[in-house]
Amino acid sequence: MKKLIIVLIFLALISPVFGQNNSSNDSSGMYYVNVPVERVYPSSEGYIVQYRTGSGAVVSTIGIPLSWFTDPSGAAELLRLPTAGDWPTMSVFYQDGKFSHVRLYVHRVKSHVTWGSIPVGTDLSRFFTADRESFDIRH
């Protein structure tokens with residue numbers, strides 16, 4: 001019985017060595033920046049997102065094209081928070097320093113204070129770019 005316990009302890013100590021992932025396809029170059037969202041404005045072109053930067057004193061605005069949510073490339077995801085969820089956030093993912101994709105975590109009820117509306121006829125083209133290379137948030 002003592003030998004069995006000693007063998008089990010030895011296996012428990014040595015097994016993490018074999019559990020390491022040594023593949024060359026690791027995500028060590030992947031990182032993300034998470035920012036609190038103040039307000040989300042849906043439009044026919046996409047979503048305009050106002051978010052807090054740095055120490056939270058500055059509010060910046062960026063547009064996420066609607067095509068990013070529907071393209072097979074999956075450059076953007078819209079995830080609805082649970083009913084008792086935290087304040088909305090936006091996570092921007094980078095792979096080796098280049099933009100990879102964005103996740104927008106929003107309140108599930110559109111009447112929540114974080115959802116806004118834009119007057120009809122407002123020119124929003126300055127917020128949207130189809131170029132994924134230029135999608136960069138201030139943080």
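Since the structure is predicted, the reported quantities are computational estimates derived from the model, not experimental observations. (Residues numbered from 1 in each chain as written. Predicted model: local features only at pLDDT ≥ 70, side-chain atom pairs only at ≥ 80, totals over all residues. Heavy atoms only, no water.)

J.: Can you help me understand the side chain of His107 in this one?
T.: Here His107 lies in the segment after strand S6 (98–106). The exposure class of His107 is buried, given its relative accessible area of 16%. Reaching out from His107, the side chain makes a polar contact with the backbone nitrogen of Val109 at a distance of 3.2 Å. Contact partners of His107, with chain neighbours within four places excluded, come to Arg80, Leu81, Thr83, Pro88, His112, Thr114 and Trp115. (Helix = DSSP H or I, 4+ residues; strand = E, 2+ residues; numbered from the N terminus. Buried < 20%, exposed > 50% of the residue type's maximum accessible area, 1.4 Å probe, protein only. Polar contact = N/O pair within 3.5 Å; in protein donor to acceptor, adjacent residues only side chain to side chain. Contact = heavy atoms within 4.5 Å.)

J.: Sorry if this is basic, but what is going on with the pairing of strand S3 (residues 58–65) here?
T.: Relative to S3, strand S2 (residues 46–53) runs antiparallel, the two sharing 8 bridges. Within S3, the residue paired with Arg52 across the bridge is Val59. Joining the antiparallel neighbours S2 and S3 is a turn of 4 residues, in which Gly54 adopts a positive phi near 50°. (Pairing = 2+ DSSP bridges.)

J.: Hey, could you run me through the nonpolar core in this one?
T.: Ile64, Met90, Leu104, Phe135 and Ile137 are the most contacted members of the largest nonpolar core, which totals 22 residues. If near-sequence neighbours (up to four positions away) are discounted, Ile137 is found in contact with Val33, Val35, Tyr51, Ile62, Met90, Val92 and Tyr94. By size, the runner-up hydrophobic cluster in this structure holds 5 residues, among which are Tyr41, Ile48, Leu124 and Phe128. (Core = buried A, V, L, I, M, F, W, Y, C linked by side-chain atoms within 4.5 Å.)

J.: It is not clear to me how unusual backbone geometry should be interpreted in this structure. Could you clarify?
T.: Peptide bonds are, in most cases, trans, and in most cases residues other than glycine have a negative phi. The phi torsion at Asp96 lies on the positive side, around 55°, for a residue other than glycine. Here Asp96 lies in the loop between strand S5 (89–95) and S6. Residue classification places Asp96 among the exposed positions, given a relative accessible area of 60%.

Such coordinate-based values are descriptive only and should not be taken to indicate function.
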